[in-house]
Amino acid sequence: MVTLQDLKRISDYEWEIPQTFRPDMRVPVRLFATRRMLQDVMKDKSLEQAVNAATLPGLVGHVIVMPDMHQGYGFPIGGVAATRLPDGVISPGGIGYDINCGVRLLGSQIRLEAAHPHLDALATALNQHCPSGVGEKGSVRLTEAELEAVCRQGSRWALKQGFASEADLRRTEESGCVEGADPNKVSKRARERGRPQLGSLGAGNHFIEIDLVEQVFDSTAASVMGLEQGMLAVQIHCGSRGFGHQICTDYVEEFQGAVRRFGIHLVDRELVCAPLSSPEGQSYLAAMRCAANYAFANRQILASSARKAFEQVLAGKVKDWHLYQVYDICHNMGKIETHLIDGELMKVCVHRKGATRAFGPGATELPDEYKAIGQPVLVPGSMGTASWVLVGTAASMEQSFGSTCHGAGRLMSRHEAKRNVRGEQLRQDLEAAGIHIRAGSMAGLAEEAPQAYKDVDQVVDAVVGGGIARKVARLHPLAVIKG
Amino acid sequence: MKPEFGFREHPHTADWELEVWAPDLATLLEQAARGMYTLSGMRLEAGSPQERSIALHAADAEGLLVNFLGELLWVEQEEGLGFDVFAITVEDQINLRAELRGSAIANLDKEIKAVTYHNLAVKTTSQGLRVNIVFDV
């Protein structure tokens, strides 16, 4: 068990669990958090899970945990780990079941004053246009051939079908398509789950939210992104639905045998892995990329549906009702990237599970307009609190494999939230605070109550203090659609 | 005194954790299924009973548990069916045959993404078997 005494202070915002903490650790664990946040960090097993993750073969640098960390399964949520090519491992549990869960931000030139009388109608229209909830099918039903095209092309498929613009793709991580996807590595069961669900939000912590750009901290970066104080924005948070869940399930099962074959000793079976150079590792990588591309297409179709909802409600009532893409980021992904580690440029597989890529200014992976300011980072809060737009920094490239936090991070268990919060009362409280709510399940709403999450402002202060992101704008929720 | 078999939820920050106990593996699997359905808030429609057979093989008892619950999630999500009558036989801890009876799902509060192997270990106790299962939700 990790205690406060085991943490070595690196700075006011960075702490280390040294490699000597446990004999089986291959690298130290680095934690971004303020001293004040450490008490909350100790309440669950997230640091113990980070130590477990630090035992995987082929790790380089540190295992990193972000201030929004919380206990997950295998890896902690908020974890980043990089393994060296070709012999380091890839771990499906280090990426998560919801492969390429991520966030998209759409900006607008719609002033709050002009939209205010229509917010309730906008919430209803978004809820109608964007299928959500337990077991809900998507707005697009795919044939087998179309699913394969989605797997290989991601948002490019959506562009061909009229759901996207070139600008949308340019402002999406990986331009909305990870190369190297191979649908032949995806099981029949995953395909069956994936075909009917494209264009759906799902349930749980996924949402669509209308926000107000409440405060701008970096007017240059905000201006480049097209974000202006007093204007509306829309966030879409979801992933690869049952398609990704099944791919992860399939490979976690397959890798149970692979670790025996490769003689890899594990402290937790959910950490199963295979060398990146092995046929097993390559198969998972190819299948995971199919799910990643599916998720890009999914958020793209939902963005298209959100645009239809805005047009339906606001056309003729406000001057410009259009929603344009600010950026789309992944926070559950495995990526092959090149990083400077211990003075050496190294090709690594960066596992981000509940962590956002946050490349600094000048990164070649960014669209031209963002090269000077760094990659936009989207950090949603809970449904009653702020969300943040940040940018990556040069320090994030050096300290965290170009990564930062992904959200507020849970503080309270779902069990405790359900016990303490009544869904219907919460809905009334949020409505009284001026936040329009559309929710498929009151029990689900209670589990996602704002009090179940950490203070997102503190999380952001910790990553900004640690130098791995910069503040651009703070968003305030106006309407939330949850499954 | 704890009943001979059963399940209960344990607090888990992000996901769901279920403790299950039973005198033998077949009963443990049945209780795990009932526990999973309870966590999801599943309610079945009255009438029109449906039957399904499941046969599974796994490397060990933990694998059997994950695969069995995974099969139930698959049927739940693809066919909209849940079960409340279980006849399960297990051979050598690794081969399962289940005859299931249930009906269409009338209500489901929450979706389970996956059954995980996180710290999964079927342990022998003085009363039989015990396991803690973490579900990704």
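Look up a bit, the structure's there.
Here's a quick rundown of the structure. Small disclaimer: the values here were computed from a predicted structure and weren't measured.

1. Some words on the overall build of chain B
Now for step 1: Along its length, chain B carries two helices and nine strands.
Now for step 2: Secondary structure elements in chain B, listed N-terminal to C-terminal, are β-β-α-β-β-α-β-β-β-β-β.
Now for step 3: The globule rule puts the C-alpha radius of gyration for 137 residues at 14 Å, and the 14 Å found for chain B is close to it.
Now for step 4: When its C-alpha atoms are laid out on the principal axes, chain B stretches across 40 × 35 × 30 Å.
Now for step 5: Restricting to contacts in chain B with at least 6 residues of sequence separation, those with at least 24 account for 64%.

2. Observations regarding the packing of helix 1 (residues 25–40) of chain B against helix 2 (residues 61–79) of chain B
All names here are of chain B.
Now for step 1: With their axes 10 Å apart at the nearest point, helix 1 and helix 2 run at an angle of 40° to one another. Put simply, helix 1 runs oblique to helix 2. When the axes of helix 1 and helix 2 are compared, the crossing they make is right-handed. In contact with Leu 25, Leu 29, Ala 32, Ala 33 and Met 36 of helix 1, helix 2 contributes Ala 61, Leu 65, Phe 68, Leu 69 and Leu 72.
Now for step 2: A breakdown of the residues in the contact of helix 1 with helix 2 according to their chemical character gives ten nonpolar, no polar and no charged.

3. Re the pairing of strand 7 (residues 102–111) of chain A
Residues and elements named next belong to chain A.
Now for step 1: Burial of strand 7 is extensive: eight of the ten residues sit out of reach of the surface.
Now for step 2: Relative to strand 11 (residues 323–330), strand 7 runs antiparallel, the two sharing seven bridges. Following the sheet pairing, Gly 102 is matched in strand 11 by Cys 330.
Now for step 3: In this structure, strand 7 lies alongside strand 9 (residues 231–238), joined through seven bridges in antiparallel fashion.

4. Remarks on the nonpolar core
Now for step 1: Counting 208 residues, the largest nonpolar core has Ile 208, Ile 247, Ala 291 and Ala 306 of chain A together with Ala 32, Met 36 and Leu 69 of chain B as its most contacted members.
Now for step 2: When residues of this core are assigned to their parent elements, the largest contribution, 19 residues, is made by helix 11 (residues 279–314) of chain A.
Now for step 3: With residues up to four places along the chain from it excluded, the contact list for Leu 69 of chain B reads Ala 32, Ala 33, Met 36 and Val 115 of chain B.

5. Brief notes about unusual backbone geometry
All names here are of chain A.
Now for step 1: The omega angle of the peptide bond from Leu 85 to Pro 86 is 0°, so this bond is cis rather than trans.
Now for step 2: Here Pro 86 lies in the loop between strand 5 (75–84) and strand 6 (89–90).
Now for step 3: One non-glycine residue, Asn 100, lies in positive phi territory at about 55°.
Now for step 4: Mapped onto the secondary structure, Asn 100 falls in the loop between strand 6 and strand 7.

Reading the values: the criteria
Residues numbered from 1 in each chain as written. Chains lettered and ligands numbered in written order. Predicted model: local features only at pLDDT ≥ 70, side-chain atom pairs only at ≥ 80, totals over all residues. Helix = DSSP H or I, 4+ residues; strand = E, 2+ residues; numbered from the N terminus. Rg over C-alpha atoms; globule rule 2.2 N^0.38 Å. Contact = placed C-beta atoms within 7 Å. Axes fitted to C-alpha atoms, helices over the stretch in contact; angles between N-to-C directions. Parallel < 35°, antiparallel > 145°, perpendicular 65-115°, else oblique. Left-handed = near helix turned anticlockwise from the far one by under 90°. Nonpolar A, V, L, I, M, F, W, Y, C, P; charged D, E, K, R; others polar. Buried ≥ 20, exposed ≤ 12 C-beta atoms within 10 Å, placed from the backbone. Pairing = 2+ DSSP bridges. Core = buried A, V, L, I, M, F, W, Y, C linked by C-beta atoms within 7 Å.

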